[in-house]
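# Observations on chain architecture
Spelled out, the chains give:
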Amino acid sequence: MNTSKSPGLAGFGVLKNTTCHTEKKISVFFSIIFMTAGILSNSLAIVILMKAYQRFRQKSKASFLLLASGLVVTDLFGHLINGAIAVFVYASDKDWIRFNQSNILCSVFGICMVFFGLCPLFLGSVMAVERCIGVTKPIFHSTKMTSRHVKMMLTMVCLFAVLIALLPILRFRAYQIQASRTWCFYKTEHIEDWEDRFYLLLFSCLGFLALAISFLCNAVTGITLLRVKFKSQQRQGRSHHFEMIIQLLAIMCVSCICWSPFLVTMARIGINEGRSKETCETILFALRMATWNQILDPWVYILLRKAVLKNLYKITSGCCGVHVINLHMWELSSIKNSLKVAAISESPGSSKQINLQPLNSVGQ
């Protein structure tokens, strides 16, 4: 690569004067725990999605299943690849000079960190947009949001994330070994010019933009569901509204809490040209927080379902001894019933009383 230093030592020179004391056993423990938890939870989510896709082939739910599958598969490979590289680095005593002579491993590690960091955020925002369209414009969603269009969106999201990850390589800028010597990313120390700052700010801005789109679309979806709930006096619609609102709140809270520290830290480093006061331990903590988002994604999108909510309600009401909400039998899956109620409420005869026939609940 066209760098001032030899490729094998890219970013290593700044580490000699950097102090970052990380306990090896604790760090290896964190890496193994995160990788194992991410692989198990996402694998379980993939199994549930496969069963759901075989069981329910409604057109209204096909887009959700495809996007959710893309999300959990991305999270799974992210934990598998990044976790394996991190464990290898720890097992090799973080001796990058010995196993990274040509800087290939650091480049691969940095590309994977950027791609598997941005891609779930992009997919989360796309899922929020799809859900917002499905609830607010059910007719448009059922006619225009086909499986082919969803697959095209998945491909475009992945290609865009790959482009962002390859951008430093295309510009002959090597990914840098970070101060903890355990991972590679954009240059965060001794930033020399605007391009190094640009990569950090681009990553942060894209991440915040994805979170903002998710927040906005989920807010619109939640308000629409609440409006339909209060507009319709039918008791059958309460259960799926309750489920959807809980899912939306969980999605927004988990994504914002997990990713905000890392995005803010990278933005501050980019703005201050690498002279910010963030320590190595602070950056590692923010990185681990971001990793937890990929662990919790399948639980929020897939595993936080009707059966779990019903059991949590029963346990809570049993412990408190107070029945706050009378949960009825679940009628349809949340997405299908939401589309049905929203479509009826927006029809010309929505002023008339809506009589929905009770349906048997679908499998969990």
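Residues numbered from 1 in each chain as written. Predicted model: local features only at pLDDT ≥ 70, side-chain atom pairs only at ≥ 80, totals over all residues. Heavy atoms only, no water.

With an unreviewed UniProt entry as reference, the protein is termed Prostaglandin F2-alpha receptor, source organism Thryothorus ludovicianus. What UniProt records for the protein under Subcellular location (unreviewed entry) is the sentence "Cell membrane". (UniProt positions renumbered as here; feature names shortened; annotations may be inferred.)

This next bit is on the UniProt feature "transmembrane region" (unreviewed entry) in the protein. The UniProt record marks residues 26–50, 62–90, 102–129, 150–170, 198–226 and 246–271 with the feature "transmembrane region" (unreviewed entry), using the residue numbering of this structure. Counted over residues 62–90, helix gives 100% and strand 0%. Its end C-alpha atoms are 42 Å apart. Helix and strand shares over residues 150–170 are 100% and 0% respectively, and the end C-alpha atoms of the span are 29 Å apart. (Helix = DSSP H or I, 4+ residues; strand = E, 2+ residues; numbered from the N terminus.)

A contiguous nonpolar patch, built from Phe160, Val162, Leu163, Leu166 and Leu170 and spanning about 410 Å² of accessible area, is present on the exposed surface. By the element assignment, Leu170 lies in helix 6 (residues 147–170). (Patch = residues over 30% accessible without salt bridge, like charges linked within 9 Å, V, L, I, M, F, W, Y side chains within 5 Å. Areas by Shrake-Rupley, 256 points an atom, 1.4 Å probe, with all protein chains shown as cover. Salt bridge = Lys/Arg side-chain N within 4 Å of Asp/Glu carboxyl O.)

Here the focus is helix 6. With 24 residues, helix 6 extends 33 Å from end C-alpha to end C-alpha; this agrees with the ideal 34 Å at 1.5 Å per step. The sharpest bend along helix 6 measures roughly 30° and falls at Ile164, with the proline Pro168 sitting one to four residues further on. (Expected span 1.5 Å × (residues − 1). Bend = angle between axes of the 7 residues up to and from the residue.)

This part takes up the state of the cysteines. In this structure the tally under the stated criterion is one disulfide. In this model, Cys106 is linked to Cys184 through a disulfide, with the two sulfur atoms separated by 2.3 Å. As the torsion about the S-S bond is roughly -125°, the Cys106-Cys184 disulfide counts as left-handed. Note that Cys106 is positioned in helix 4 (residues 104–136) and Cys184 in strand 2 (residues 184–185), a separation of 78 residues in sequence. Look at Cys106 and you get buried, because its relative accessible area is 0%. Judged by relative accessible area, which is 0%, Cys184 ranks as buried. Cys256 supplies the cysteine sulfur nearest to Cys258, a cysteine that is in no disulfide, at a spacing of 9.6 Å. (Disulfide = S-S within 2.5 Å. Buried < 20%, exposed > 50% of the residue type's maximum accessible area, 1.4 Å probe, protein only.)

Let us now look at the packing of helix 6 against helix 7 (residues 194–231). Where helix 6 meets helix 7, the axes come as close as 10 Å, and the angle between the chain directions of the two elements is 160°. With respect to each other, helix 6 and helix 7 are oriented roughly antiparallel. You can see that helix 6 and helix 7 cross each other, and the crossing is left-handed. Mapping the contact onto sequence places Phe160, Ile164, Leu167 and Pro168 in helix 6 and Phe198, Tyr199, Leu202 and Leu206 in helix 7. (Axes fitted to C-alpha atoms, helices over the stretch in contact; angles between N-to-C directions. Parallel < 35°, antiparallel > 145°, perpendicular 65-115°, else oblique. Left-handed = near helix turned anticlockwise from the far one by under 90°. Contact = heavy atoms within 4.5 Å.)

Per-residue confidence for the protein averages 76 on the pLDDT scale, and 70% of its residues sit at or above 70. Per-element confidence in the protein is highest for strand 2, whose mean pLDDT is 94, and lowest for helix 11 (residues 334–346), whose mean pLDDT is 48. Below pLDDT 50 for its whole length, residues 323–336 participates in 42 contacts with residues either more than four positions away or in separate chains. Counting interchain partners and residues more than four positions distant, the pLDDT-below-50 stretch residues 349–364 has 29 contacts. (pLDDT = per-residue confidence, 0-100.)

As a further point, take the pattern of salt bridges. All chains considered together, the criterion is met by five salt bridges. Here Arg173 makes a salt bridge to Asp196, at a shortest N to O gap of 3.0 Å. With Arg173 in the loop between helix 6 and strand 1 (176–177) and Asp196 in helix 7, this residue pair connects regions lying 23 residues apart in the sequence. On the accessibility criterion, Arg173 (22% relative accessible area) is partly exposed.

Using the criterion set out here, one finds 18 aromatic pairs in the structure. When the centroid spacing of 5.2 Å and the interplanar angle of 90° are considered together, the rings of Phe185 and Phe203 count as edge-to-face. Of this pair, Phe185 sits in strand 2 while Phe203 is found in helix 7, placing the two residues 18 residues apart along the sequence. Phe203 matches Phe185 in its accessibility class, with the two residues each being buried. Taken together, a centroid distance of 6.4 Å and an interplanar angle of 70° make the contact between Tyr186 and Phe203 edge-to-face. With a gap of 17 residues between them, Tyr186 in the loop between strand 2 and helix 7 and Phe203 in helix 7 connect regions that are remote in the sequence. Summarising the burial analysis for this pair, Tyr186 and Phe203 share the class buried. Feature note: the residues Tyr175, Trp183, Phe185, Tyr186, Trp194, Phe198, Tyr199, Phe203, Trp259 and Phe262 constitute an aromatic cluster, connected by ring pairs. (Phe/Tyr/Trp six-rings, centres within 6.5 Å; stacked < 30°, edge-to-face > 60°.)

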